[in-house]
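Chain residues, written in single-letter form:
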Amino acid sequence: MAKLNRKQIQAQALELLEATPGGIRWGEMLKAIHAADPETPPNSIHGALQNLLTSSDDIAKVARGTYQLTKYQDAQASAAIAQDEAVANEPLIVETPSHAKVTLLEADFYGSFAEWLSDVAEEVNVAVALGGSILKGKWGTPDVIGVLKPRAQDILKFEPQIVSAEIKIDPGQPVVAFGQAVAYRLFSYKSYIVVPRTTSEDDLSRLKALCSIHGVGLVTFTLDKAAPDYTVVVLPMQASPDMFYANQMLRRLLDSSAELFNKLF
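Residues numbered from 1 in each chain as written. Predicted model: local features only at pLDDT ≥ 70, side-chain atom pairs only at ≥ 80, totals over all residues. Heavy atoms only, no water.

Draft legend 1. Structural detail: the nonpolar core. In this structure, F113, L117, V144 and V194 are the most contacted members of the largest nonpolar core, which totals 21 residues. Among the secondary structure elements, those contributing two or more residues to this core are α5 (110–120), β8 (161–167), β9 (190–196) and β10 (217–221). No other element matches the five residues that α5 contributes to this core. Ranked by size, the runner-up nonpolar core spans 17 residues in total, among them L4, L49, L53 and Y67. (Core = buried A, V, L, I, M, F, W, Y, C linked by side-chain atoms within 4.5 Å. Buried < 20%, exposed > 50% of the residue type's maximum accessible area, 1.4 Å probe, protein only. Helix = DSSP H or I, 4+ residues; strand = E, 2+ residues; numbered from the N terminus.)

This is the structure we're talking about:
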């Protein structure tokens, strides 16, 4: 059997990527191609794969050493984005103390929590409302993101620290909020869950325990746009984010909104 040339190696790699919608590690591709054509030297396969994986716009690096066809990545992200946006855009009708009916959306609280995060909690120098699908990833987009940066007068300098928050206005969605806030720890030094005070005692107790175990901050608030009264229940623990995912998130933010990126960084 003749040795494969670069074009043939890359064609086989694309076939493997096509057959694995969830993604595949490049080492597994190398082994599979070499097993099918053992006369082709591993070094030749390695070089051809490296050239393909770093130059093709049809392939995305989704984790260290793991690649996926962008069409599959986009399809998975679209499903997650649609679900997240459906929840975020679901109106909630609440009754005020004066018995008036008020319709609320999650986005009604993004701005005020961003201000609270920077001005009251002083966790960050600057914070912005994101929400929606601006990051276009299957792990979701934080509703609020802030950055703590060293000031000119600081003697000890440090690298910028990202703080993320997930806000839910539906008292019945604490588990969804927790899962998203934990995912944000991939790229954040601190992560918050923000839920209404009308969350049941049972759910709130479970959230307190989960947040304490996993280092996620828990904040409760009143479903009142004019006076949300954010209150810390569990302080977040500082984590060391994975720089691969942090840079991936920042690249998406820069590509989606250079204005927000520049405001933060």
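Next comes the rest of the account.
Draft legend 2. Structural detail: the sheet that holds β9. If you walk across this open sheet you meet the six strands as β6-β7-β8-β9-β10-β11, and the pairing is mixed. Each edge of the sheet is formed by a strand with only one pairing partner; in this case those strands are β6 (126–129) and β11 (231–234). In this sheet, adjacent strand axes meet at a mean angle of 25° when their direction is disregarded. Strand direction decides the pairing type here: strand β7 (residues 144–148) and β8, joined by five bridges, are antiparallel. Within the sheet, the bridge partner assigned to V144 lies in β8 and is A165. (Pairing = 2+ DSSP bridges. Axes fitted to C-alpha atoms, helices over the stretch in contact; angles between N-to-C directions.)

Draft legend 3. Geometry of α5. When we look at burial in α5, the residues that qualify are Y110, S112, F113, A114, W116, L117 and S118. In the stretch just after α5, E122 is the one whose phi turns positive, near 55°.

Draft legend 4. Layout of the sheet that holds strand β1 (residues 24–25). The antiparallel open sheet is built from three strands, whose spatial order is β1-β3-β2. Edge positions in the sheet fall to β1 and β2 (59–63), since each has one partner strand and no second. Bridge analysis of β2 against strand β3 (residues 66–69) gives four bridges, and the strand direction is antiparallel. Bridge pairing in β3 links K61 to Y67. Where helix α1 (residues 6–19) meets the sheet, its contacts fall on β1, β2 and β3, and the angle it forms with β3 comes to roughly 80°. (Contact = heavy atoms within 4.5 Å.)

Draft legend 5. Representation of the pattern of salt bridges. Summed over the entire model, instances satisfying the criterion amount to nine salt bridges. Between D242 and R64 there is a salt bridge, and its shortest N-O distance comes to 2.8 Å. Highlighted residues: D242 in the loop between β11 and α8 (243–256) and R64 in the loop between β2 and β3, separated in sequence by 178 residues. Accessibility expressed as a relative area gives 48% for R64, which makes it partly exposed. (Salt bridge = Lys/Arg side-chain N within 4 Å of Asp/Glu carboxyl O.)

Draft legend 6. Expanded view of the packing of aromatic side chains. Counting across every chain of the model gives ten aromatic pairs. Note on W116 and Y192: the rings are 6.3 Å apart at their centroids and 85° apart in plane angle, and the pair reads as edge-to-face. On the criterion of sequence distance, the pair formed by W116 in helix α5 and Y192 in strand β9 is long-range, its members being 76 residues apart. Take Y192: its relative accessible area is 1%, and that puts it in the buried class. By the ring-pair criterion, three or more aromatic residues cluster together here, those being F109, F113, W116, Y192, F221 and Y230. (Phe/Tyr/Trp six-rings, centres within 6.5 Å; stacked < 30°, edge-to-face > 60°.)

Draft legend 7. A look at the pairing of β2. β2 sits mainly inside the fold: four of its five residues count as buried. As consecutive antiparallel partners, β2 and β3 are separated by two residues, and within that stretch G65 has a phi angle of approximately 75°, a positive value.

Draft legend 8. Region of the structure containing unusual backbone geometry. Positive phi, normally seen in glycine, also occurs at E122, with a value near 55°. Assignment of secondary structure puts E122 in the loop between α5 and β6.

Draft legend 9. Geometry of the confidence of the model for the chain. Averaged over every residue, the pLDDT of the chain is 88; the share at 70 or more is 92%. When mean pLDDT is compared element by element in the chain, β10 scores highest at 97, while helix α4 (residues 70–88) scores lowest at 69. (pLDDT = per-residue confidence, 0-100.)

Draft legend 10. Molecular detail of the side chain of S56. As for its position among the elements, S56 is in the loop between α3 (42–55) and β2. S56 gets classed as buried once you look at its relative accessible area, which sits at 17%. A polar side-chain atom of S56 sits 3.2 Å from the main-chain amide nitrogen of D58. (Polar contact = N/O pair within 3.5 Å; in protein donor to acceptor, adjacent residues only side chain to side chain.)

Draft legend 11. Focus on the environment of I93. Turning to its location among the elements, I93 is positioned in strand β4 (residues 92–95). When the C-alpha positions of I93 and T103 are compared, they lie 4.4 Å apart, and in sequence the two are ten residues distant. Here I93 is in contact with K101, V102 and T103, once residues within four sequence places are set aside.

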